[in-house]
Amino acid sequence: MGRGPYEKSGLLRDTSIPPHKTIKEEFSIPVYTEKQKDGKTVRDIIANDFTIDVELWYLPYGRKDDSGNAQKWFTTSKAMRIEEGGK
Amino acid sequence: MSINKKIFSLAMITLLFDSSLTLANENLPKDNGHAQELIGITEEKKAQTIAELAARYDSAPCMDCHMEVYDAWEKSLHARSIFGPDKVGRTAATLKTTIENGLKEWAFSGVKKPEDVGVKHLMICAKCHLPQLQEAEDSVAQEIVKNVYAFVDDPDNLEAKKALQSLNIGCMVCHNRNAIVHKWTDGTPQKDAVYGTKDDVHMDDKHPFLKQSKIMKESIQCGQCHGLGPNFELENPTQCATLYGSHLFAYIPEGGQATCQECHMEKSKLGHNIQSYRSPEMAKMALDVDVEAKAFQWRDVSTMTPAAQVTVALTNKAGHAIPDG
C-alpha cells in the first residue's frame with residue numbers, strides 16, 4: 001500500500017504478479033570492469049568462474065529489515081563459467 | 001368452519017406482525033437517515049458505547065463449544081480488524097492518518113478536529129474493517145477515535161489497545177451479519193441463528209437455530225470486504241483491498257477454480273486462522289520459481305562483453321494477484 005487508502009482511487013500501474021500465469025524477469029549481469037586505454041575502451045573480465053545467487057524477496061512494506069513482514073521466499077545459487085580465450 | 005378459522009388466524013398474524021413493526025420503529029433513533037437500512041439489519045437500538053457494540057458481536061460465548069475454531073480465529077487479523085498486526089497496530093495508526101491527513105484536510109468532510117468524526121466518517125474504512133459500526137451511534141465513533149489517538153501516541157497504552165481489539169470481525173460477523181448477501185432473495189439474517197452450511201438446531205441457548213448460508217463456502221462471502229476497486233457508494237470513495245476484483249477479473253478468466261476458503265482454510269490446514277504471507281504455510285503455496293542462467297562472452301566486432309543472463313520465471317499459484325494493495 002503505497003499511499004493511504006483514504007486518498008487512493010483506481011490503478012495507475014500494476015506491479016503485482018498476476019494470478020494463474022507465468023511471468024519472466026530477465027537480468028543481464030556484466031562480468032567486467034571497463035577502462036580507457038590509448039583512446040580505446042578495454043574490458044577486463046572479473047572472473048571466469050563465479051556464482052550467481054538468486055533471492056526472491058517479498059517486501060510488503062518496501063523494506064528488507066522488516067521482520068515479520070519482509071520474507072525471503074526463494075533462494076538458489078548457480079555456478080557459472082565463461083571459457084577462457086577468444087580475443 | 002375450517003375456512004373461517006383460517007381467516008381468523010390469518011388476521012391474528014397480521015395484527016401481531018403490525019404491532020411488532022411499530023415496536024421496531026419506536027426503537028429507532030429519531031434523527032436518522034439510516035432508519036430504513038437499520039430495519040433490514042437489526043431491530044435493536046444502536047449501540048452507544050464500544051463495550052455495548054463489542055458485547056453484541058462478542059465471540060467469547062462461542063468459545064465454550066468451539067474452542068479450536070476460536071483459538072485459530074484469535075490468531076487471525078480478523079480478530080484485530082481495526083487494530084492490525086499485533087504490536088505494530090498499523091491499521092489503528094492508519095485510521096489516525098486518515099483523520100489527520102484526510103478528513104481534517106478535506107474542505108467538505110465536516111471534520112475540523114478529531115471530535116467531529118462520526119460513524120459516517122469512519123465508515124470509509126469500517127465498511128470492511130468493522131461493518132457492524134453501522135449499528136452504532138456517533139458516540140462509539142468518538143470512543144474509537146479517542147482510543148486510536150491514545151494508542152498511537154503511546155503504544156504501551158494497553159487499555160486503548162484492548163478497547164480497539166474488542167471490536168473485530170468475529171464469529172457473528174461472518175456467521176450472521178454478513179452470511180447473507182442477497183437480502184431480497186434470502187431475507188435478512190435472523191438474530192437467534194448462526195449461519196453455516198446446513199439447516200439444523202444449534203445447541204447454543206442464545207442462538208438455538210443453525211441456518212444454511214448460501215455463500216458460506218463461496219468466494220463472495222470473503223469478497224464482501226476484500227475489495228473490487230474504488231468504493232463508489234461512499235460520498236468520498238476510498239480504496240484499500242482490491243483483491244476480490246483480481247480474483248474475479250484475473251484469476252477466474254485465466255481458468256482458476258478454487259475458492260478463497262479452499263486455499264486459505266482447507267489446503268492451508270489453517271482453518272479459521274486465515275492468513276497470508278505472514279504464515280509459512282501460505283508463503284509456500286504462493287509462487288513457483290524457476291531460474292535459468294547462462295554465462296558467455298559476447299563479441300561485438302572487437303569489444304568483448306563477458307556477461308551472464310539470468311531468467312527468473314515466476315508462476316503465481318494464488319487465487320489473485322500478489323501482493324494486494
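Above this text sits the structure in question.
This report concerns the structure included in the present document. Keep in mind the model is a prediction, meaning the values are calculated, not measured.

About the cut-offs
- Residues numbered from 1 in each chain as written.
- Chains lettered and ligands numbered in written order.
- Predicted model: local features only at pLDDT ≥ 70, side-chain atom pairs only at ≥ 80, totals over all residues.
- Heavy atoms only, no water.
- Salt bridge = Lys/Arg side-chain N within 4 Å of Asp/Glu carboxyl O.
- Helix = DSSP H or I, 4+ residues; strand = E, 2+ residues; numbered from the N terminus.
- Buried < 20%, exposed > 50% of the residue type's maximum accessible area, 1.4 Å probe, protein only.
- Expected span 1.5 Å × (residues − 1).
- Contact = heavy atoms within 4.5 Å.

Re the pattern of salt bridges
Throughout the structure, instances matching the rule amount to 15 salt bridges over all chains. Between Glu55 of chain A and Lys72 of chain A there is a salt bridge whose closest N-O contact spans 3.6 Å. Note that Glu55 of chain A is positioned in strand S4 (residues 49-58) and Lys72 of chain A in strand S5 (residues 71-81), a separation of 17 residues in sequence. Glu55 of chain A sits in the partly exposed class, given a relative accessible area of 40%. With its nearest N and O atoms 3.0 Å apart, the salt bridge here joins Asp153 of chain B to Lys96 of chain B. One end of the pair, Asp153 of chain B, is in helix H8 (residues 138-153); the other, Lys96 of chain B, is in helix H6 (residues 90-103), and 57 residues separate them in sequence. Using a relative accessible area of 19% as the deciding quantity, one classes Lys96 of chain B as buried.

Focus: H6 of chain B
Taking 1.5 Å per residue as the helical rise, H6 of chain B with its 14 residues ought to reach 20 Å, and the 18 Å between its terminal C-alpha atoms agrees with that figure. In this fold, the buried residues of H6 of chain B make contact with helix H7 (119-129), H8 and helix H9 (158-165) of chain B.

Focus: helix H12 (residues 219-226) of chain B
All names here are of chain B. The set of residues buried in H12 consists of Ser219, Gln221, Gly223 and Cys225. Residues of H12 that are buried make contact with H7, helix H10 (171-177), helix H13 (243-251) and helix H14 (260-267). Gly227 sits one or two residues past H12 and shows a positive phi near 80 degrees.

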